[in-house]
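Structural characterization, general
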Amino acid sequence: MAGNDWINSYLEAILDVGPGLDEAKSSLLLRERGRFSPTRYFVEEVITGFDETDLHRSWVRAQATKSPQERNTRLENMCWRIWNLARQKKQLEGEEAQRMAKRRLERERGRREAVADMSEDLSEGEKGDLVSDLSTLGESTRGRLARISSVDAMEAWAGQQKGKKLYIVLISVHGLIRGENMELGRDSDTGGQVKYVVELARALASMPGVYRVDLLTRQVSSPEVDWSYGEPTEMLNPLNSEGPMDDMGESSGAYIVRIPFGPKDKYIPKELLWPHIPEFVDGALSHVIQMSKVLGEQIGDGNPVWPVAIHGHYADAGDSAALLSGALNVPMIFTGHSLGRDKLEQLMRQARQTRDEINSTYKIMRRIEAEELTLDASEMVITSTRQEIDAQWRLYDGFDPILERKLRARIRRNVSCYGRSMPRMVVIPPGMEFHHIIPHEGDMDAETEANEDGKSPDPTIWTEIMRFFSNPRKPMILALARPDPKKNLTTLVTAFGECRPLRELANLTLIMGNRDNIDEMSGTNASLLLSILKLIDKYDLYGQVAYPKHHKQSDVPEIYRLAAKTKGVFINPAFIEPFGLTLIEAAAYGLPMVATQNGGPVDIHRVLDNGLLVDPHSQQSIAEALLKLVADKHLWAKCRSNGLKNIHLFSWPEHCKTYLSKIAGCKPRQPRWLRNDDDDENSESDSPSDSLRDIQDISLNLKFSFEGDKSEGRDIDGSLDSEDQKTKLENAMQTWSKGVAKTPQRSGSIEKGDKFPALRRRKHIFVIAVDADPSNGLSESVRKIFEAVEKERCEGSIGFILATSFNITQMRSFLVGEKLSPTDFDAFICNSGGDLYYSSLHQEDNPFVGDLYYHSHIEYRWGGEGLRKTLLRWAASTVKNEEHIVVEDEETSADYCYSFKVQKPGAIPPVKELRKSMRIQALRCHVVHCESGNKINVIPVLASRSQALRYLYLRWGMDLTKVVVFVGESGDTDYEGLIGGVHKSVVLTGVCSSASSQLHANRTYPLTDVVSYDSPNIAKTCEGFSSSDIRASLEGLQVLKG
């Protein structure tokens, strides 16, 4: 525990006070507890663990007090504070225990209901399959890692990949990422993940069958960081430039692509990036679309080459990857690196902060929701170890190992899962590049003699380390970690200091990042470093412990080599280590290891068999393991040999081979429409063939809907009867051709040579997404917006999209009631993003045209009838005073939107509870609370109004930077997605102001965590705004000229 040195002093000070305080001077609290014994109280309450920072602050104040009487009073106050902390801790622990018990009951109930829907239990054959289906929770480590053990096997696999030209997108949003001279340890965001994603991109691009890899991250153009982080693109050098270059092309290879988003000219921590994630998604979408077209010209015979997968790293990138994969309709992969629920549980167990305080500091609830979304969206989740699955992912609503195995068994037997699905968990340990590593075979004495003979001098970092030691030839115990309490470095120093035989045999080197001045470090890191310095002083370890202030990333290999030269040992004593990449690095240089028995090192040790595992809480266990390896040279040599023999199993080629094999098992997805001449945005042809091409395109890609009836004319599986479809398409073509020939249109509507729909030709698109009733703000808002841009509207330079929770019938009723024409709008986003329509040329016959391919674009993991039955069961359970709170709204439901009426808005449980319930039962959907809390729409998991706008960009080239979204002060629970992004937003002050508290309570995190109202892309009107106020806001956003 950090701070044990002062705790011992604190105990001594209490003992000096005497056996007890004078009862007359004791407080009421102490008198109630009887005779007060500071010693017993300290041992029972303090040693069990409280916030050392608070206690230390009190201890310093007590030490500063000269008067013994005052000191007794201060001591009494400190003891009361300890008691108060103990009471708070017990209260928080009790609340957390209740929460965990409730969670277990919810999961068990959800699992029972899911199994009941899929039949009460699996057949005997399915049960037998489960025994061998270890892949659902990761293969056994040794069996998995032995899959390629020779060059011939790798060459055989490489031969199978010839002819493939894959495009892979990786995303890692936070931290400072560049290909060379990585500043690892510069801050908490620039750590091992940065190195991992760069090396993964480089390694994948070197594999057979991979043409291009893009690593998308944030562009940082700030004076506080190096200029290289502001470069839009950086090409990564090949992993092995001596390899085959057959697949090299103009745009092939690995690239870091930096997307500008968030505050310009400012580097901010990952906790503050959440409001800017939609802006990143829009920028990434633009890049991927453009790159797909470029690759299509090079290797796709003119057809776009879409990513085979989008791989998000950490929660923020996972959230981005989910939205991006939904917008593109391509598979998603996720790697968590570290998980929010696990961190939350650790912080709650410490009981130093309340849940609200933790969320305020770490934005932990937003992070957890992002991780839940990645489970909803991912085809595959890659983990480094089994421990990550068994102990961390199972904490999430969206993943249940038992239910996952049942689903996997049913899928193999081609048995219906009733709309349920879970991502596949795959264990693939991170890789390393070993070809440039030459393990050291000599020792320090031999090296010294070589240097005296005139050979190359020692690396600078060696000199920097060895200057600390009285005897630098002793074996070096090396620890390489950030100065973070969870890395457990204070226990290591204490173990070293208290074991005299170990101190006599070895030196200790602590590489703890880079620092200039301890006072300038973050509070936690500075406190830990000070504790280590005090321990060095306490045990008089001067001349035996090195703790250099600076090192470069390029120095790390030399540090490993130095430790190996001295026949030293590498140690990772962390309380929990998710993986332990440094253990593999150390083994590659011939260093045996001592590592924590909690987490990834268990898997690494099982494969390498090159050291000892220890209890990180036991100083004696750590000291004994280190002493054993340092003193027993035969054991040291055996561990070194085992590590070097087995290290190839953690190589990057091995990692990438498994990675690509798993990707090949994912169901391929990509945009399904025909993208031929209609995608050429620069085409200006006026020939009659354009109109004919438009007719063909519409006939192939669009369906006509008169009333939006979800069941009329459909087969059991929901598809249109083939004859009806043929007839309707023929009628559509005839109607369209008549319209082109005969119907005059206002300026800006579709004419000869124009593409469909009209929004493609607009200079700006205004999206009206005001979540208010027609009589309570929507109608007035539409009227004022139209009035504000009447001139531009008549000219046809501005088009309009109406985005609401209405279905198409309600939408038509609204237009009729307000005496608006469907052609006043270019498109209609209905059912909260579950449906998309365009205005038709002939409103008398067909006022709305539904986009046929939109549903195929959003249907990923749509639960269909299985989801509907579960929702009906949930609605039936919402009863108060024998009255149903929620009932199905069959009239407004559609194929991809199940609607429910909320009859008592104040009595319904938060919708986040419904979303949680569906996830527990492996049903993936997007639950939207809408219409001021009076309605619930359940749509596909990656569908929303904001995602519909991205679809329009992908489908028709609608420039998102030219889009303006109008919203109220609050809105439906998908409101946050409409404000962020590269588009402009105008908040209509006073509209939807009454619904904010209720609907925002349906989030697991505050709205302020995800919306940046100080963004230059957001403008607010004044209270009681007029059309001129709206125009002024548009001029302020530079959409219109003043």
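Because the structure is a prediction, the values reported are computed rather than measured. (Residues numbered from 1 in each chain as written. Predicted model: local features only at pLDDT ≥ 70, side-chain atom pairs only at ≥ 80, totals over all residues. Heavy atoms only, no water.)

**A few points about the overall build of the chain**
In terms of helices and strands, the chain carries 39 helices and 29 strands. Counting over 1042 residues, the chain shows a buried share of 58%. In the chain, 73% of the contacts between residues at least 6 apart in sequence involve partners at least 24 apart. For the chain, the exposed surface amounts to about 43400 Å²; the carbon and sulfur share of it is 49%. (Helix = DSSP H or I, 4+ residues; strand = E, 2+ residues; numbered from the N terminus. Buried < 20%, exposed > 50% of the residue type's maximum accessible area, 1.4 Å probe, protein only. Contact = heavy atoms within 4.5 Å. Areas by Shrake-Rupley, 256 points an atom, 1.4 Å probe, with all protein chains shown as cover.)

**Remarks on the sheet that holds strand β26 (residues 935–939)**
Strand order in the open sheet formed by four strands is β23-β24-β26-β25, and the pairing between neighbours is antiparallel. The open sheet has two edge strands, β23 (886–888) and β25 (926–930), and neither has a second partner. The average angle at which neighbouring strand axes cross in this sheet is 25°, direction not considered. As judged from the four bridges shared by strand β24 (residues 898–902) and β26, these two strands associate in the antiparallel manner. For Lys-901, the partnering residue across the bridge sits in β26 and is Lys-935. Packing of helix α35 (residues 911–920) onto the sheet brings it into contact with β25 and β26, and relative to β25 it is tilted by some 165°. (Pairing = 2+ DSSP bridges. Axes fitted to C-alpha atoms, helices over the stretch in contact; angles between N-to-C directions.)

**Quick notes on unusual backbone geometry**
Residues other than glycine seldom take positive phi values, yet Asp-265 does so here, at roughly 60°. Inspection of the secondary structure assignment puts Asp-265 in the loop between β4 (253–259) and α10 (277–299). The phi dihedral of Gln-1038 falls on the positive side, at around 65°, and the residue is not glycine. By the secondary structure assignment, Gln-1038 is in the segment after α39 (1027–1036).

**Considering the pattern of salt bridges**
As enumerated under the stated definition, the model contains 43 salt bridges in all. The salt bridge involving Glu-369 is made with Arg-919; its shortest N-O contact spans 3.0 Å. With Glu-369 in helix α14 (residues 364–377) and Arg-919 in helix α35, the pair connects residues that are 550 residues apart, well separated along the chain. There is no split in this pair, since Glu-369 and Arg-919 are both buried. The residue Arg-669 makes a salt bridge to Glu-379 at a minimum N-O spacing of 3.3 Å. Of this pair, Arg-669 sits in the loop between α27 (652–664) and α28 (688–701) while Glu-379 sits in the loop between α14 and β7 (380–383), and the two are 290 residues apart along the sequence. When its relative accessible area of 13% is taken as the criterion, Arg-669 is described as buried. Note on Glu-379: relative accessible area 17%, which makes it buried. Connected through salt bridges with shared partners, the residues Arg-178, Glu-183, Arg-186, Asp-187 and Asp-226 form a single ionic network. (Salt bridge = Lys/Arg side-chain N within 4 Å of Asp/Glu carboxyl O.)

**Here's the deal with the sheet that holds strand β6 (residues 332–335)**
A sheet is described by the order of its strands in space; here eight strands give the open sequence β3-β4-β2-β1-β5-β6-β7-β8, paired in mixed fashion. Looking at strand neighbours, the two that pair on one side only are β3 (233–236) and β8 (424–427), the edges of this open sheet. If you compare each strand with its neighbour and ignore which way they point, the axes differ by 20° on average. As judged from the four bridges shared by strand β5 (residues 309–313) and β6, these two strands associate in the parallel manner. Pairing of Ile-310 across the sheet is with Met-332, part of β6. Helix-sheet contacts for α10 involve β1 (166–171), β2 (210–218) and β4, and the interaxial angle to β2 is about 160°.

**Regarding the environment of Lys-628**
Tracing the sequence through the fold places Lys-628 in helix α25 (residues 619–631). Sequence separation of Lys-628 and Leu-612 is 16 residues, and the distance between their C-alpha atoms is 9.4 Å. In contact with Lys-628, other than residues within four places in its own chain, are Leu-612 and Leu-635.

**Notes on the nonpolar core**
If you look at the biggest cluster of nonpolar residues, it comprises 108 residues, and the most contacted ones within it are Ile-171, Leu-328, Trp-393, Ile-801, Leu-949, Leu-952 and Met-958. Taken domain by domain, this core gets at least three of its residues from each of domain 2 (160–239 + 248–338 + 366–414) and domain 4 (757–860 + 942–1037). Other than its neighbours up to four places away in sequence, Ile-171 contacts Leu-215, Leu-216, Phe-280, Ile-310, His-311, Gly-312, His-313, Ala-317, Ala-321 and Leu-324. Counting 74 residues, the second-largest nonpolar core is a separate cluster that includes Trp-462, Ile-465, Leu-489 and Ala-563. (Core = buried A, V, L, I, M, F, W, Y, C linked by side-chain atoms within 4.5 Å. Domains from an automatic or database assignment.)

**Here's the deal with the packing of aromatic side chains**
Each pair of aromatic rings is reported with the distance of its centres and the angle of its planes. In this structure the tally under the stated criterion is 19 aromatic pairs. The interplanar angle of 90° and the centroid separation of 6.2 Å between the aromatic rings of Tyr-838 and Trp-956 together place this pair among those described as edge-to-face. Highlighted residues: Tyr-838 in strand β19 (residues 835–839) and Trp-956 in helix α36 (residues 945–956), separated in sequence by 118 residues. Cluster of aromatic residues (ring-pair linked, three or more members): Phe-766, Phe-786, Phe-800, Phe-825, Phe-828, Tyr-837, Phe-848 and Phe-966. We note Arg-212 situated over the ring of Tyr-255; from NZ or CZ to the ring centre the distance is 4.0 Å. (Phe/Tyr/Trp six-rings, centres within 6.5 Å; stacked < 30°, edge-to-face > 60°. Lys NZ or Arg CZ within 6 Å of the ring centre and 35° of its normal.)

**Re the side chain of Thr-596**
The residue Thr-596 is located in strand β13 (residues 593–596) in this model. Non-local contacts of Thr-596, meaning those with residues more than four positions away in its chain, are made with Asn-572, Pro-573, Ala-574, Phe-575, Glu-577, Pro-601, Leu-613, Val-614 and Pro-616.

By themselves these figures say nothing about function.
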